[in-house]
Amino acid sequence: MEKTKILSGAFTVWQKSMFTRTSLTPLARELGVSKAAIYRYFPGKDSIIDTMEEYFAGKYRENTPRMLEVLEAKCLKEGIEGYTRELIAFLSGNPGFIRFFISRLYHQYRRETLPFWPIIEKEALLLQERFIATGFEKEESALCVRYFYTHVLSWAHLLTGNGLNETEVYGYVSVIATSFFEGFAPPGLPEVPYKTVEKEIRVLPEAFPEENRIINSLLAVVAKEGIEGASISRIAEEAGYSKSTLYSYFKNKNSMILSILKNHAEAVDRLYTRFCSGEYPVNETIYRLILLISRYLCQTPSFLVTLNWLRFQSPRSGNTSKGGMESLQDRLPRFVQVMKNRECRSFGLAPERLMGILWFQLIREIMDLYGNSAPGSTPQEKTVPLRTLQILFCEGLEGIERRHQ
């Protein structure tokens, strides 16, 4: 057993399901060795993750000169297309890096301490400067940068999840760039009546699921320690129950998460029926959906943390019955109907995959807006970034540019 083989296996496991906080069992199973064999090289899981971060940073750093070069192209569109090509080439050539990159890039608690953060930050700042030079406002430019990275990474994640090889994924570069510039809605739609929609949609306390002591305890632990720190022991301690009592209600932590998904999905579905199911143009329906989910999640920050974790889980990974955001989407079939019935530009994606890109963008933006709010508080709503997110998804970067003309 070599250290490099353990590291390679760790990226493979991360791509499948990520590690749990307390166990190296999936990695040992992937390598076909005992955990004791792994401990000869690494004192624990945290040591492996630290080494993965250093290794990833080293590999990414090798591509940095070329990425910075293409970003500085005279034409903004050429620069973004070239940068997209370099990112996709890097990720498709190292498919085990994709979900590791996503989870590290959007790590809410320690991303600034990660070895590769200064590298990606330099590229992101250069991209932001290009947007500002084009006439975008500073905050608007920062949101466009976040949207770009999430857009490219969600496409890469979806395509590799569909079993495409390196060459096939790389062949989608022009599609990924085009959908970033042009968006997913058809042209010629009327302007969204933002103020009217914002006045109409209300998420009141009675809309939320009935409280459950065990579920509330899970969410409380998640809020304090993150989803990976929510062990059965900690949940039992928070609830004031024994572990055996918890097991009489739920088979494991994942069954609790599925219960949370089911209860919240039913609550959101009722709100969707009330506020989003009318015969609206697709761009207005998308904004209604974005605003509804944002207002729902900013009042349930612990559930938001859970959703943030779920979006990194692979389909059928074993972490949930179907895995990740698909578990929530399966419980919200009307959301997928938005993409089926409103004639979105799919770029060859199935409606559920297209909705997956919107989910990924939405949860990412809500985490950035509200993820650091104090426990128990309801953060002040910021509608301008949500409007910008809707424009980017529906009309792409060109939609933002048109509003500056």
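Just so you know, these numbers come straight off a predicted model, no measurement behind them.

Rules of the game
- Residues numbered from 1 in each chain as written.
- Predicted model: local features only at pLDDT ≥ 70, side-chain atom pairs only at ≥ 80, totals over all residues.
- Heavy atoms only, no water.
- Phe/Tyr/Trp six-rings, centres within 6.5 Å; stacked < 30°, edge-to-face > 60°.
- Helix = DSSP H or I, 4+ residues; strand = E, 2+ residues; numbered from the N terminus.
- Buried < 20%, exposed > 50% of the residue type's maximum accessible area, 1.4 Å probe, protein only.
- Lys NZ or Arg CZ within 6 Å of the ring centre and 35° of its normal.
- Contact = heavy atoms within 4.5 Å.
- Axes fitted to C-alpha atoms, helices over the stretch in contact; angles between N-to-C directions.
- Parallel < 35°, antiparallel > 145°, perpendicular 65-115°, else oblique.
- Left-handed = near helix turned anticlockwise from the far one by under 90°.
- Nonpolar A, V, L, I, M, F, W, Y, C, P; charged D, E, K, R; others polar.
- Core = buried A, V, L, I, M, F, W, Y, C linked by side-chain atoms within 4.5 Å.
- Polar contact = N/O pair within 3.5 Å; in protein donor to acceptor, adjacent residues only side chain to side chain.
- pLDDT = per-residue confidence, 0-100.

Things to note about the packing of aromatic side chains
In this description, a pair of aromatic rings is defined by centroid distance and the angle of the planes.
Phase 1: Taken as a whole and assessed by the stated rule, the structure comprises 26 aromatic pairs.
Phase 2: Look at Tyr-83 and Tyr-149: their rings are 6.1 Å apart centre to centre, the planes differ by 85 degrees, and that puts the pair in the edge-to-face class. In this pair, Tyr-83 is assigned in helix H5 (residues 76–93) and Tyr-149 in helix H8 (residues 138–161), connecting sequence segments 66 residues apart. One exposure class covers both Tyr-83 and Tyr-149, and it is buried.
Phase 3: Through a chain of ring-to-ring contacts, three or more aromatic side chains come together here, namely Phe-11, Tyr-55, Phe-56, Tyr-60, Phe-90, Phe-97, Phe-100, Phe-101 and Phe-116.
Phase 4: Seen from the ring of Phe-181, Lys-77 lies directly overhead, with NZ or CZ sitting 5.3 Å from the centre.

What to know about the environment of Val-203
Phase 1: As for its placement among the helices and strands, Val-203 is situated in the loop between helix H11 (194–200) and helix H12 (213–225).
Phase 2: A relative accessible area of 8% places Val-203 in the buried class.
Phase 3: C-alpha separation for the pair Val-203 and Leu-271, spaced 68 residues apart in sequence, amounts to 7.8 Å.
Phase 4: Apart from the residues lying within four places of it in its own chain, the contact partners of Val-203 are Phe-208, Leu-271, Leu-292, Arg-295, Tyr-296 and Gln-299.

As for the packing of H5 against helix H7 (residues 117–134)
Phase 1: Contact pair H5 / H7: the axes reach a minimum separation of 11 Å and the direction vectors enclose 155 degrees. With respect to each other, H5 and H7 are oriented roughly antiparallel. Here H5 runs over H7; the crossing is left-handed. Of the residues in H7, those in contact with Leu-76, Ile-80 and Tyr-83 of H5 are Ile-120, Glu-123, Leu-127, Arg-130, Phe-131 and Thr-134.
Phase 2: Residue composition of the contact of H5 with H7, by class: 6 nonpolar, 1 polar and 2 charged.

Remarks on the nonpolar core
Phase 1: Tyr-60, Tyr-83, Phe-101, Phe-131 and Leu-397 are the most contacted members of the largest nonpolar core, which totals 129 residues.
Phase 2: In contact with Tyr-83, not counting residues within four places along its chain, are Tyr-60, Met-67, Val-70, Leu-71, Ile-120, Glu-123, Phe-148 and Tyr-149.

Some remarks on the side chain of Glu-198
Phase 1: Along the chain, Glu-198 falls in helix H11.
Phase 2: For Glu-198, a relative accessible area of 11% gives the class buried.
Phase 3: In terms of polar contacts, Glu-198 uses its side chain to reach the side chain of Arg-387, at 2.8 Å.
Phase 4: Once you skip the residues sitting within four places of it in the chain, Glu-198 turns out to touch Tyr-287, Leu-291, Arg-295, Thr-383 and Arg-387.

Examining the confidence of the model for the chain
Phase 1: Per-residue confidence for the chain gives a mean pLDDT of 80, with 81% of residues at or over 70.
Phase 2: Throughout residues 314–327 the model reports pLDDT below 50, and contacts reaching past four residues in sequence, or to other chains, amount to 36 contacts.

Considering the environment of Leu-386
Phase 1: Examined against the element boundaries, Leu-386 turns out to sit in helix H21 (residues 383–403).
Phase 2: For Leu-386, a relative accessible area of 0% corresponds to the buried category.
Phase 3: The spacing of Leu-386 and Tyr-287 is 99 residues in sequence and 7.8 Å in space, taken between C-alpha atoms.
Phase 4: Leave out the neighbours within four places in its chain, and Leu-386 touches Tyr-287, Ile-290, Leu-291, Ser-294 and Leu-369.

Topic: the side chain of Gln-128
Phase 1: As for its position among the elements, Gln-128 is in helix H7.
Phase 2: Exposure remark for Gln-128: the relative accessible area of 13% places this residue in the buried category.
Phase 3: Among the polar contacts made by the side chain of Gln-128, one reaches the main-chain carbonyl oxygen of Lys-138 at a distance of 3.4 Å.
Phase 4: Residues in contact with Gln-128, not counting those within four places in the same chain, are Lys-138, Ser-141, Ala-142 and Val-145.

Here we look at the packing of H5 against helix H10 (residues 173–182)
Phase 1: Contact pair H5 / H10: the axes reach a minimum separation of 9 Å and the direction vectors enclose 135 degrees. By the angle between their directions, the pair H5 and H10 is classed as oblique. In terms of crossing hand, the pair formed by H5 and H10 is right-handed. Along its contact with H5, which presents Lys-77, Ile-80, Glu-81, Thr-84, Arg-85 and Ile-88, the element H10 presents Val-173, Ile-176, Ala-177, Phe-180 and Phe-181.
Phase 2: By residue class, the composition of the contact of H5 with H10 is 7 nonpolar, 1 polar and 3 charged.

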